[in-house]
Structures are given as structure tokens and as C-alpha cells.
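Observations on the three-dimensional arrangement
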Amino acid sequence: MTTAPTASHYIDGSYAEDAAGTAIDIIYPATGEIIGRVHSATPEMVERALASARRAQPEWAAMTGMERGRILRRAADIIRDRNRELSILETYDTGKPLQETLVADATSGADALEYFGGLAASLAGEYIPQPGGDFVYTIRQALGVCVGIGAWNYPTQIACWKAAPALACGNTMVFKPSETTPLCALKIAEILTEAGAPPGVFNVVQGLGDVGAALVNDPRVAKVSLTGSVPTGRKVYAAAAAGMKHVTMELGGKSPLIVFDDATLDDAVSGAILGNFYSSGQVCSNGTRVFVQKGIRDAFLARLCERLSTAKLGDPLDEATNFGPMVSEAQLSIVKRYIAKGIEEGASLAYGGKRQPGPGFFLEPTVFAGVTDEMTIAREEIFGPVLSLLEFDDEEEVIGRANATEFGLAGGVFTNDLTRAHRVVARLEAGTCYINTYNLAPVEAPFGGVKASGVGRENSKEAIAHYSEVKTIHVAMNGVEAPF
Ligand SMILES: NC(=O)c1ccc[n+]([C@@H]2O[C@H](COP(=O)([O-])OP(=O)(O)OC[C@H]3O[C@@H](n4cnc5c(N)ncnc54)[C@H](O)[C@@H]3O)[C@@H](O)[C@H]2O)c1
Ligand SMILES: C[N+](C)(C)CCCC=O
């Protein structure tokens, strides 16, 4: 399978190239080898993409929801048919194990296209009766040209989670993938064209933050949806506000996962594994602050370390591998610095912590015990396979500590006392909470954060409100009275 893309960008229904743009190497995280190259979009490419999206939008919005939905659902079918090929590409782009990408990436993208394709025909307004037979009705209209900007951990999923609701509502999109993972969004663009999306409906341009900023600042853009870190979110939100644009911000987290004494031990350990080591820990919603009640603490730590010793690190294309490399040397270095900081500040390294010898960006799953709330590893998003274990005594205490963060993406609780479970999640300051499970994100359910972790929601019917506007129309049936 060739991984090198046909060209860097996808504009107006076909691939486009401008070699004048700065070259960006595509590096396979498992070997460190360069497997392709794209060029950052020049101002001319950005202009072509925005002009194409602008041109295509009225015609796309004028199609019925049924017609748009049919195209999105066809794209979902094509993605499912090519799941293996797309999953391999996702693995080359990110390094995530094929075992994982086969079930979590293109499939999640297909779910989004199928779900919003199904909703597209039902996007309707309201009829509101008024005195004397007058009435008001509302219609739901597209915003116009939307910009999507992606992070590197879920390149296919992020492209689809943004494109599907945007396109279902009659918007067009210019999407900029992360510079670290430029491959997968191009395939989604190609597939949407194959499914019947007119030229310009979904465009992809490559580049770093400057290209993202050029898109966000363009006056033709009505909405910006970013998946990325909080610092980038602050910049993008501010730039969008200057243009009074709509935003969706899917940002970082430092989520609490609370394990009470009465939890089923192996389920709680499974939750901690899913919430810390899936995608080598590079997941926004990860429950990286694992608060364990004192009575179960030793058993939890022992069982966690025992189960981590069975993780299979290695070639991500081998379907037996369940723990892959970090996405890049740069991200690995960031995480190694956090590990060093954890040791320096007095946390006890209970498992892992070392880079694997050989090529690629492999880092062992890492567990710190004896972590306190003030330590850097308990406060900052690490975005790597590092779990911090903190101890607690009682419910009231742990809720206060869990909420003592600027982030608010997710939170979880493991307990067999379901009354307590509901009581605790009701008080967690988080957009998505889990009871006796962790890190699920089906397309039918809203996903997003509160506090610094984000604005708006992706997925579910909630996303429709973030990609459309309501127009109110007042109709008089009995003439018009005026004071003079
Ligand atoms: N909440 C979620 O759903 C979610 C999902 C995945 C990742 N994330 C977060 O993403 C982060 C990791 O991804 P990352 O390192 O790619 O994030 P990042 O913030 O460095 O970059 C995200 C994207 O923004 C672009 N960008 C950077 N500066 C910009 C600017 N000034 N204007 C416009 N665009 C700009 C980048 O090129 C990239 O495409 C983590 O914080 C993680 O928690 C959040
Ligand atoms: C589907 N997951 C695993 C919750 C990932 C959502 C996107 C965050 O990084």
C-alpha cells in the first residue's frame, strides 16, 4: 500500500499542489522513517480553497436534506467498505495499533457521516401560532463556509466529526489537518467526492498554525471548529471572536477517574487502562488523575501493574500489538520531560517510564503512585501514557479535588453504589461523565468539555445547533395597525 498522498491539498473536488509551500515530512511513528511529504498551503492555495467552498455553498444548501444526507450516507458506506485500507493509513499517520484503528477511527468517521446523513432531512423549524391567526415560523439555515482544524491523535475521526454535521446542515468546509498527520483527511475528501459531494463542499489544505490562522481570520468564514490544545484554543477563539464567528472548541483535559473502595477491581483497572493507555495515552478525555480510595489503593495498583505487564508493545501493523508508539519525537520528548518532573517532585514511579530502545517513538506505559494535587503531573495535560494515582478518603473530599482544575472535559467514577455514582457525576465539572466505564464516544451522544476544555458539543443532535442558525419569520394575516 502506498502511503504518500497524491498531492498535498484537496480543493474543488480534486487534488492540488503548490510546491512553493514549505515542505512537511510525514514520519511513520513506529520507525521514524519519512514516508511522504506534503507542502504547507501557500496563500494562493488557501484562497483557492476558501473561494471554492464559498462558491459551492449556496448550491449545496439549496439541495434538500434528503439529497445531502444520501451523499453523506454513501460516503459512510464507502468508508466501511475500505475500512482496512483506511485503518492502515491511520496507523501510518499516527502510529496507533491497527488492532485499534480497525475499530475506532474510520468506523467512527463512518458513524458520523451515517448519523448526520440520516438527520439531514429532518432539519426543520417550528410553527408558532399568534393571536388572530397570525403566526411565526422558524427555519434552520446553514451558517456558510466552516473551517475545521484538527489535532493529530484522531485524524480521520476529527475530519468526519466536523464535516458530517457541517455538511448535513448545508455548510461547506475547509479542513486543515494537523501538520503531524496530514494523510487521512485527504482520503475523506476523495471519498466524499466519490459519494457525490459537489466540488468545493469539502476541501483540505495542509499547514501549520499560520495556515490555520489565515483560515480563521478570513471574513468569508462563518464558523471555526477546532480540536486542539487549550493554548491554541484561546488564540483561535479570540481570532474568531474578532470576526464574530461561531466556534466549537474541543480542547485538552486532565480528567479525574474516581475509584471507590466498593468498585469491582478489574473493571476499575480496565477503566483506568482505557482512560490512560489507549492510543498510547494520546486521548483528550483521558482520566489521567486516578483518585483511588485508600482501602482499595494497594490492590488497585498491584493489579494495574500486573495487567500493564501483559501489554504488547511493537509493530503497530501487527494486529496482536495493542500498544503503539507516540505520534512523534517531539511529543515523546514532552512526555519524557513530564516523567522527569514527576520523579523530581517526589512521585513514585510504579511502572514503566522508559523509552523503548530501537527505532520509533515507543514509550512504556507509565504509572506514578503517591501523586499529590500540587505536582505538575497532576495539574498539566501530559498527552501521553502517564497515569497519576492519587489517594483519597471520602466522597466530599474527592469531588472537591477532582474539580480543582481549569479543565472540564470528562470524568469517571467506579463504584457499585449507584446512588453514589449518580450523586458524584452530577457534581463533576465535566462535559462527559462515565459510570463504571470510560472513554466511550458514540456519535449519538454529545461530546465536549466545560471550563477551559471547550465550547460547544460535537456529535448527537446537539451538534446541529452548532452548525446552523435559526431564522424567525413573523406572518400577519389580518392587515397591519400603526399608531399614525
Ligand atoms: N476535546 C477533544 O475532543 C480533543 C480531541 C483530540 C485532541 N484534543 C487536544 O488536542 C491537543 C493535542 O493536539 P495538538 O498537539 O495537535 O494540538 P495543537 O493545539 O498544537 O494543534 C491543533 C491544531 O491547531 C493548529 N493551530 C496551531 N496554532 C494555530 C493558530 N494560531 N490558529 C489556527 N490553528 C492553529 C495546528 O496546526 C493543529 O492543526 C491536546 O491538548 C488534546 O487534548 C482535544
Ligand atoms: C473516542 N475517544 C477515544 C473518546 C476519543 C475522542 C477524541 C479525543 O481525543
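Here the structure is a predicted model, which is why all the values come from computation and not from measurement.

The rules behind the values
- Residues numbered from 1 in each chain as written.
- Chains lettered and ligands numbered in written order.
- Predicted model: local features only at pLDDT ≥ 70, side-chain atom pairs only at ≥ 80, totals over all residues.
- Heavy atoms only, no water.
- UniProt positions renumbered as here; feature names shortened; annotations may be inferred.
- Helix = DSSP H or I, 4+ residues; strand = E, 2+ residues; numbered from the N terminus.
- Contact = heavy atoms within 4.5 Å.
- Near = heavy atom within 4 Å.
- Polar contact = N/O pair within 3.5 Å; in protein donor to acceptor, adjacent residues only side chain to side chain.
- Areas by Shrake-Rupley, 256 points an atom, 1.4 Å probe, with all protein chains shown as cover.
- Nonpolar A, V, L, I, M, F, W, Y, C, P; charged D, E, K, R; others polar.
- Pairing = 2+ DSSP bridges.
- Axes fitted to C-alpha atoms, helices over the stretch in contact; angles between N-to-C directions.
- Patch = residues over 30% accessible without salt bridge, like charges linked within 9 Å, V, L, I, M, F, W, Y side chains within 5 Å.
- Salt bridge = Lys/Arg side-chain N within 4 Å of Asp/Glu carboxyl O.
- Buried < 20%, exposed > 50% of the residue type's maximum accessible area, 1.4 Å probe, protein only.
- Core = buried A, V, L, I, M, F, W, Y, C linked by side-chain atoms within 4.5 Å.
- Disulfide = S-S within 2.5 Å.
- Phe/Tyr/Trp six-rings, centres within 6.5 Å; stacked < 30°, edge-to-face > 60°.
- Lys NZ or Arg CZ within 6 Å of the ring centre and 35° of its normal.

Side note on the UniProt feature "active site" (unreviewed entry) in the protein
The UniProt entry lists Glu250 under the feature "active site" (unreviewed entry), expressed in the numbering used here. As for its placement among the helices and strands, Glu250 is situated in strand E11 (residues 246-250). Beyond its immediate sequence surroundings of up to four residues, Glu250 is in contact with Leu226, Thr227, Gly228, Leu409, Phe447, Gly448, Gly449, Ser453, Gly456, Arg457 and Glu458.

Side note on the site of ligand 1
Surrounding ligand 1, one finds 27 residues, the nearest of these being Gly150, Glu179, Ser229, Thr232 and Glu381. Lys176 is positioned with one of its side-chain polar atoms (N or O) 2.9 Å from an oxygen atom of ligand 1. A distance of 2.5 Å separates an oxygen atom of ligand 1 from a polar atom in the side chain of Glu381. Within the complex, the protein chains bury 88% of what would otherwise be the 850 Å² of accessible surface of ligand 1. Of all elements in the fold, only helix H8 (209-217), strand E10 (221-227) and helix H9 (230-242) reach the threshold of two or more residues within the shell around ligand 1. The dominant element in the shell around ligand 1, judged by the number of residues it contributes, is H8, at 3 residues. Along the lines of polarity and charge, the residues of the shell around ligand 1 split into 13 nonpolar, 10 polar and 4 charged.

Considering the site of ligand 2
In the vicinity of ligand 2, the contacting residues are Asn153, Tyr154, Gln157, Val283, Cys284, Ser285, Asn439, Ala441 and Phe447. Taking Asn153, its side chain carries an N or O atom lying 2.8 Å from an oxygen atom of ligand 2. Taking Cys284, its main chain carries an N or O atom lying 3.0 Å from an oxygen atom of ligand 2. For ligand 2, whose free accessible area comes to 300 Å², the fraction covered by protein is 89%. Its residues assigned to classes, the shell around ligand 2 shows 5 nonpolar, 4 polar and no charged.

Looking at the sheet that holds strand E17 (residues 410-414)
Taken together, the 7 strands give an open sheet; going across it, the order is E14-E15-E16-E13-E12-E17-E18, and neighbouring strands pair in mixed fashion. The sheet is open, and its two edges are formed by strand E14 (348-351) and strand E18 (432-435), each paired on a single side. Across the sheet, the mean angle separating the axes of adjacent strands is 20 degrees when strand polarity is ignored. Helix-sheet contacts for helix H15 (residues 418-427) involve strand E12 (256-259), E17 and E18, and the interaxial angle to E18 is about 170 degrees.

Considerations on a nonpolar patch on the surface
There is a patch of nonpolar side chains on the surface, built from Tyr127, Tyr137 and Ile139 and spanning about 280 Å² of accessible area. If you trace the backbone, Tyr127 turns up in strand E5 (residues 127-129).

Re the side chain of Ser8
Within the element layout of this structure, Ser8 appears in the segment before strand E1 (9-11). Under the relative-accessibility criterion, Ser8 is labelled buried at 0%. Only 2.8 Å separates the side chain of Ser8 from the backbone nitrogen of His39, close enough to count as a polar contact. What Ser8 contacts, discounting residues up to four positions off in sequence, is Ala16, Glu17, Val38, His39, Leu186 and Gln206.

Description of the nonpolar core
Judged by nonpolar contacts, the single largest core of 74 residues is most densely connected at Phe202, Val259 and Phe300. One finds Ile258, Ala347, Ile382 and Val398 within the second-largest nonpolar core, a separate group that totals 28 residues.

Quick look at the UniProt feature "domain: Aldehyde dehydrogenase" (unreviewed entry) in the protein
Residues annotated in UniProt with the feature "domain: Aldehyde dehydrogenase" (unreviewed entry) correspond here to residues 19-473. The straight-line gap between the two end C-alpha atoms of residues 19-473 is 49 Å; of that span, 41% is helix and 20% is strand.

Brief notes about the state of the cysteines
Disulfide: a covalent bond connecting the sulfur atoms of a pair of cysteines. The final tally for this structure, using the stated rule, is 0 disulfides. Residue Cys160 stays outside any disulfide, its sulfur separated by 9.6 Å from that of Cys184, the closest cysteine. Accessibility expressed as a relative area gives 1% for Cys160, which makes it buried. Of the cysteine sulfurs around Cys433, a residue in no disulfide, the closest is that of Cys284, at 14 Å.

Overview of unusual backbone geometry
Although it is not a glycine, Asn439 sits at a positive phi angle of roughly 70 degrees. Take Asn439: it is sitting in the loop between E18 and strand E19 (454-455). A positive phi angle is found at Ser460, which is not glycine, with a value near 65 degrees. For Ser460, the position within the fold is in the loop between E19 and helix H16 (462-466).

Considering the packing of aromatic side chains
We describe a pair of aromatic rings using the distance from one ring centre to the other and the angle between the two ring planes. As enumerated under the stated definition, the model contains 10 aromatic pairs in all. Seen in terms of ring centroids, Tyr434 and Tyr438 are 4.7 Å apart; in terms of plane orientation they differ by 50 degrees. Their pairing is tilted. The class for Tyr438 is buried, based on a relative accessible area of 1%. A network of ring pairs unites the aromatic residues Tyr127, Phe135 and Tyr137 as a single cluster. The cationic tip of Lys96 hangs over the ring face of Tyr154; the distance from NZ or CZ to the ring centre is 3.6 Å. One Lys or Arg, Arg420, reaches over the ring of Phe260 and ends 3.9 Å from the middle of that ring.

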